[in-house]
Amino acid sequence: MAQDIHFTLNGDPTTVRTDPGRPLLDVLREDLGLTGTKYGCGEGQCGACSVLIGSERAFSCRTPVSAIAGKPVRTIEGLAAKGELHPVQQAFLEEQAFQCGYCTAGMIMTSVGLLERDSSPDEAGITAAMNGNLCRCCGYSEIRDAVKRAAALNSEEARR
Ligand code: FES
Ligand code: FES
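On a predicted model such as this, the values are computed, not experimentally measured, just so you know.

Right, let's talk about the overall build of the protein for a bit. Regarding its fold elements, the protein presents five helices and five strands. Mapped from its N terminus to its C terminus, the protein presents α and β elements in the order β-β-α-β-β-β-α-α-α-α. In terms of its C-alpha atoms, the protein occupies a principal-axis envelope of roughly 50 × 35 × 25 Å. Expressed as a percentage of the 160 residues in the protein, the buried residues total 39%. Within the protein, contacts between residues at least 6 apart in sequence are counted, and of these 56% link residues at least 24 apart. When the accessible surface of the protein is split by element, carbon and sulfur atoms take 48% of a total near 8300 Å². Averaging the locations of the 16 positively and 20 negatively charged side chains of the protein gives two centres separated by 1 Å.

Next comes the structure, spelled out in structure tokens:
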């Protein structure tokens with residue numbers, strides 16, 4: 001039976017009326033028109049559907065929408081502000097950390113969560129955090145460089 005689910009989406013109070021068991025990914029894409037979050041495997045194996053709940057990555061294909069009630073959810077659409085890319089988006093651009101781009105939104109959301117929890121992760125920390133996000137184009141070294149560049153941009157910001 002449909003229920004009202006209240007949560008915060010990219011900073012805005014949001015309510016959807018739906019079956020509470022539906023995947024968050026379907027609600028984002030089909031009900032809310034946020035198609036930046038991608039459907040890859042639908043089984044929690046690829047990370048294309050990654051969003052943030054707080055600063056933690058969640059695979060939205062495996063997250064029932066009921067699980068986000070009362071929580072802050074962020075998607076790729078919520079990152080750029082005032083016409084400026086988020087530092088992680090900028091870093092992905094500068095490192096050319098994408099080819100087809102299908103994995104990119106999920107990669108960026110996972111990176112943003114990582115850098116919020118740890119502003120200067122070491123190589124092992126980056127690898128561990130990004131584990132679970134797959135790139136079929138095998139752009140892993142550029143993606144890792146982009147996360148490092150974003151961390152460096154963070155430190156520059158902090159020094160200003
Ligand atoms: S689509 Fe969600 S993990 Fe692959
Ligand atoms: S850039 Fe194509 S899947 Fe990663």
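Each turn of an α-helix holds 3.6 residues, which means side chains three or four residues apart point in the same direction. Within the sequence span of helix α2 (residues 87-94), burial applies to Val 88, Gln 89, Ala 91 and Phe 92. For α2, the arc enclosing every buried residue in end-on projection is 160°, short of the 170-degree limit, so these residues lie on one face. At the exit of α2 stands Gln 96, carrying a positive phi of roughly 50°.

In this section: the pairing of strand β1 (residues 3-9). Pairing analysis gives seven bridges linking β1 to strand β2 (residues 12-18), with the strands arranged antiparallel. By the bridge assignment for β2, Ile 5 is matched with Val 16. Hairpin connection from β1 to β2: two residues lie between these consecutive antiparallel strands, with Asn 10 at a positive phi of about 50°. Where β1 and strand β5 (residues 72-74) come together, two bridges link them in parallel fashion. Among the inter-strand pairings, Thr 8 is bridged to a residue of β5, identified as Pro 72.

Another aspect to go through is the domain arrangement of the protein. Interfaces are often sized by the accessible area lost when the parts come together. Splitting the protein by domain gives domain 1 (3-78) and domain 2 (87-159). On a C-alpha basis, the centres of domain 1 and domain 2 stand 21 Å from each other. On the side of domain 2, 18 residues touch domain 1, which itself brings 19 residues to the contact. In this assembly, domain 1 packs against domain 2 so that about 1400 Å² is buried in total across both faces, 53% of it on carbon and sulfur atoms. When the area that domain 1 buries against domain 2 is broken down by residue, the three leading residues are Cys 46, Arg 57 and Ile 76, summing to 36%. At the boundary of domain 1 and domain 2, one finds two salt bridges. Linking domain 1 with domain 2 are 10 residue pairs in polar contact (both at pLDDT 80 or more). Broken down by secondary-structure element, the contributors of at least two residues to the side of domain 1 that touches domain 2 are β3 (50-53) and β4 (56-59).

About the cut-offs
Residues numbered from 1 in each chain as written. Chains lettered and ligands numbered in written order. Predicted model: local features only at pLDDT ≥ 70, side-chain atom pairs only at ≥ 80, totals over all residues. Heavy atoms only, no water. Helix = DSSP H or I, 4+ residues; strand = E, 2+ residues; numbered from the N terminus. Buried < 20%, exposed > 50% of the residue type's maximum accessible area, 1.4 Å probe, protein only. Contact = heavy atoms within 4.5 Å. Areas by Shrake-Rupley, 256 points an atom, 1.4 Å probe, with all protein chains shown as cover. Lys, Arg positive; Asp, Glu negative; His and termini not counted. Charge placed at Lys NZ, Arg CZ, Asp CG, Glu CD. Arc of directions from axis to C-beta. Pairing = 2+ DSSP bridges. Domains from an automatic or database assignment. Buried area = accessible area lost by both parts, 1.4 Å probe. Salt bridge = Lys/Arg side-chain N within 4 Å of Asp/Glu carboxyl O. Polar contact = N/O pair within 3.5 Å; in protein donor to acceptor, adjacent residues only side chain to side chain.

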